[in-house]
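# Summary of structural features
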Amino acid sequence: MSISKKNIVWFEEVSKHDVGLVGGKGANLGEMTNARLPIPYGFIITSNSYFLFIKHSNLQPKIKEFLRLVNHDNPHELQQASLHVRELILKAETPKVIANEIVEYYEELTIKEEKYFKKELSILKKGAHKIKHAYRPPLVAVRSSATAEDLPNASFAGQQETYLNVQGENHLLHKVKECWASLFTERAIFYRHEQGFDHFRIGLAAVVQRMVQSEKSGIAFSIDPVTNDKTKIVIEAIYGLGEYIVQGMVTPDHYELSKQSLVILKKDIKYQNMKYVKRGVSNIEVKLGKQVGTTQKLTDQEITEVALRVKDIENHYYFPQDIEWAIEKGRVFIVQSRPITTIREQATGKKGEQEKTNAQDQKKAEETRTPILTGAPASPGIGVGPVKIIRSPAEIDKVKSGDILVAPQTNPDYVPAMKKAAGIITEKGGRTSHAAIVSRELGIPAIVGADKATSILKNDMIVSVDGKVGEVFKGSIFTKSQLSNAKAPIDHSKKLKTLTRVYVNLAEPENAEKIAEMDVDGVGLLRAEFMIANIGVHPKEFIKKKEESIFIKRLTHDLVKFVKAFVPRPVIYRATDFKTNEYRHLKGGVHYEPQEENPMLGFRGASRYIVNPDVFAMELEALKNIWNMGYQNLHLMIPFVRVPWEIIKIKEMIDQEGILSLPGFKLYMMVEVPAAALYLEEFLKIGVDGVSIGTNDLTMMLLGIDRDNSEVSYIYDERTPVVIDVLEHIVKTCNKYGVTCSICGQAASDYPEIVERLVKAGITSVSVNPDAAVRTRELIHTIEKNNLKTVDHLK
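An account of the accompanying structure is given in this report.

Reading the values: rules and limits
Residues numbered from 1 in each chain as written. Predicted model: local features only at pLDDT ≥ 70, side-chain atom pairs only at ≥ 80, totals over all residues. Heavy atoms only, no water. Salt bridge = Lys/Arg side-chain N within 4 Å of Asp/Glu carboxyl O. Helix = DSSP H or I, 4+ residues; strand = E, 2+ residues; numbered from the N terminus. Buried < 20%, exposed > 50% of the residue type's maximum accessible area, 1.4 Å probe, protein only. Pairing = 2+ DSSP bridges. Axes fitted to C-alpha atoms, helices over the stretch in contact; angles between N-to-C directions. Expected span 1.5 Å × (residues − 1). Bend = angle between axes of the 7 residues up to and from the residue. Parallel < 35°, antiparallel > 145°, perpendicular 65-115°, else oblique. Left-handed = near helix turned anticlockwise from the far one by under 90°. Contact = heavy atoms within 4.5 Å. Disulfide = S-S within 2.5 Å.

## Overview of the pattern of salt bridges
Under the criterion given, the structure shown has 36 salt bridges. A salt bridge links Arg 68 to Glu 65, with the nearest nitrogen and oxygen atoms 3.2 Å apart. Residue Arg 68 and its partner Glu 65 are both found in helix H3 (residues 60–68); the two are separated by three residues, about one turn of the helix. Residue Glu 65 is classed as partly exposed on the basis of its relative accessible area of 47%. Between Arg 777 and Asp 521 there is a salt bridge, with its nearest N and O atoms 3.0 Å apart. In this pair, Arg 777 is assigned in helix H31 (residues 773–786) and Asp 521 in the loop between helix H17 (512–516) and strand E23 (523–527), connecting sequence segments 256 residues apart.

## Notes on the sheet that holds strand E7 (residues 232–239)
Spatially, E9-E8-E7-E6-E12-E13 is the arrangement adopted by the six strands of the open sheet, whose pairing is antiparallel. In the strand order of this sheet, the two ends are held by strand E9 (264–268) and strand E13 (331–339), each with one partner. Put simply, the sheet's adjacent strands are angled 20° from each other on average, direction ignored.

## Quick notes on helix H1 (residues 19–34)
Along its 16 residues, H1 runs just 15 Å from first to last C-alpha, ending more than 12% under the 22 Å computed at 1.5 Å per residue. At Lys 25, H1 shows its maximal kink, close to 80°. Of all the 16 residues making up H1, 13 are buried; the element is thus mostly covered by neighbouring parts of the structure. Once H1 finishes, Arg 36 follows within two positions and takes phi at roughly 60°, a positive value.

## Description of the packing of helix H20 (residues 548–566) against helix H23 (residues 613–628)
With their axes 8 Å apart at the nearest point, H20 and H23 run at an angle of 45° to one another. On the basis of their axis angle, the class for H20 and H23 is oblique. In the packing of H20 onto H23, the handedness of the crossing is right-handed. For the pair formed by H20 and H23, the contact residues are Glu 548, Phe 551, Ile 552, Leu 555, Thr 556, Leu 559, Val 560 and Val 563 on the first element and Met 618, Glu 619, Glu 621, Ala 622, Asn 625 and Ile 626 on the second.

## Quick notes on the state of the cysteines
Applying the stated criterion across every chain yields a total of zero disulfides. Sulfur of Cys 734: no disulfide; nearest cysteine sulfur belongs to Cys 741 and is 3.9 Å away. What makes Cys 734 buried here is its relative accessible area of 0%.

Encoded structure:
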């Protein structure tokens with residue numbers, strides 16, 4: 001029988017390609033079993049069984065009726081709907097064909113495990129009657145594995161149930177049904193609703209796995225889950241079974257290692273006051289004394305052994321992993337592994353994101369402030385607001401937008417409140433707890449393991465949360481500049497002259513005057529998107545209401561701040577390059593923007609101006625306003641140009657507005673599309689004054705990678721030889737045609753070696769983030785001196 005049609009499979013029968021059948025958890029267990037990793041053996045009751053059960057009992061229409069009218073923002077309604085649905089499932093009869101097959105696999109489990117791993121077992125040498133006589137029902141765990149579990153952009157972890165110490169056929173059959181019912185807990189229903197998932201297209205596989213009687217257990221990440229540092233392995237450990245670390249009931253030890261050398265870099269030993277252990281067929285809580293609870297949970301050798309398994313698993317998957325492990329009788333077992341779902345770029349402008357600030361002010365603030373509470377940093381960023389203490393999901397309505405949510409611990413039922421919070425603090429849990437994972441996914445600063453938080457902090461007390469270092473301060477200690485993306489201090493002590501100009505990339509009008517004081521030659525990339533986002537309304541809404549003048553006035557008001565601050569230095573305005581998904585976020589955007597599967601390659605850049613000339617005309621009108629005010633240092637750059645005729649058409653549109661004839665006006669094009677890079681001569685023949693290389697999109701398309709997709713982003717690197725070759729080709733082509741060439745992508749700010757290659761190739765300017773401007777100028781000065789590329793004022 002084909003695997004895809006089976007109701008039950010052994011671990012080794014499935015792999016990562018069978019997620020639809022056995023879910024992410026089941027597929028990973030099969031994958032790791034076949035990789036000969038130390039996995040407690042077992043079998044998987046596939047989603048076929050679940051769907052057959054639902055169909056056999058005719059449950060779908062009944063469940064639909066319960067869910068149809070639920071207000072998903074009302075916790076009480078969710079709870080009632082969940083109770084009714086789960087009661088339906090638990091009362092329904094499991095088809096006999098499924099029940100009989102489950103029992104058969106369960107009876108074979110112990111013998112099958114030993115046989116599969118080719119271990120010597122005397123019982124195998126005896127007759128069948130002896131086997132039956134010797135048989136003792138194994139102790140197993142029953143774990144849910146949703147068929148949509150561990151999607152790259154979300155975390156289903158903890159939404160369905162796990163049952164431990166299950167022994168005996170009837171007990172197992174009952175727990176499998178409870179596992180199926182857990183697909184409809186209120187938190188699972190709410191999450192699927194939020195994500196837009198169809199309740200009946202998501203199935204549930206039940207993993208039946210031999211119980212590991214953990215003396216020690218924990219979770220490990222193959223990268224640092226807070227900083228995304230891929231050079232580290234992070235391990236968290238406790239005494240006893242792993243449920244207490246997942247639920248955030250205790251604060252674990254925290255260890256960090258160098259992934260390359262496995263040198264232990266950090267040990268943070270925490271007091272564990274209780275542990276969860278097996279007694280007979282039950283689990284009980286055992287209190288721990290101070291002497292035992294404060295000892296290091298893992299020996300250095302055990303830390304290294306766990307790290308070795310983590311490396312093995314990441315090397316197998318070629319992707320960062322979130323791993324649950326356990327130690328039984330000195331042997332490390334891997335309980336499960338899944339892709340890390342919260343990897344993201346630490347971008348500016350996100351809620352509560354930690355920003356750079358003036359170094360001297362920061363140092364002074366750090367010297368005078370004393371935290372009133374400390375814990376483990378779980379999600380980076382800063383947040384300020386009034387404390388709201390909640391001790392159960394029934395109290396989540398207390399949390400309003402901008403509050404600091406404080407709780408003993410969180411679970412998925414807290415998510416609606418967490419979304420509103422400006423910061424999150426929990427008394428228990430580590431960086432792998434629910435609060436930590438969800439906070440990172442939401443981009444909200446969070447601190448976990450902050451002992452006595454609910455007694456030290458008081459309702460409505462104003463506090464400042466620093467999620468990067470794990471500290472809480474009384475009052476609002478962060479300056480406005482810190483909270484509004486303040487930049488690093490400017491070193492005015494020396495000004496160097498270089499032939500290669502150094503520009504800055506800018507977006508926020510409020511920063512223009514300060515950045516203009518720097519030793520920079522102008523603005524090489526002025527992003528339109530931030531200004532339009534601040535307006536907050538889709539441009540077509542203004543056109544619809546015949547209020548174009550309002551949009552033009554707002555844009556003109558912001559543009560003049562840049563040109564006035566930098567005059568006479570050039571400011572190169574890149575026309576709007578919002579993608580459809582970004583435009584949809586503006587007020588009214590849903591009425592004008594299509595839903596696209598891949599917005600990066602969709603309706604954006606030059607193509608948008610040709611299709612929507614009325615919107616482009618408003619931008620051109622604002623640009624003309626600046627020139628009419630007497631400022632002649634504002635120029636225009638066209639992004640995401642795909643084919644030469646787009647430049648022809650756009651030049652005609654600009655000329656119709658009388659802009660091309662303005663004395664000294666320059667028109668530039670971005671080179672981001674590989675076709676534009678490799679076919680650049682044809683674009684230059686049409687006539688532009690210069691080009692600027694957008695390395696972010698260019699690299700993604702050359703390598704076929706979405707750098708925001710965590711499954712492939714590890715490949716993204718602008719230093720890849722093919723990317724460097726194309727960059728040098730662009731520079732040399734511009735030199736051939738006598739037009740200026742710049743680079744404004746992130747690579748120029750991040751990688752000095754790329755700047756050096758391009759300066760040597762003859763690039764005329766680089767445009768970098770403000771914090772990189774001083775060091776880039778110094779780097780270019782050194783490169784030019786070493787390569788005798790000097791002019792008189794460089795001597």
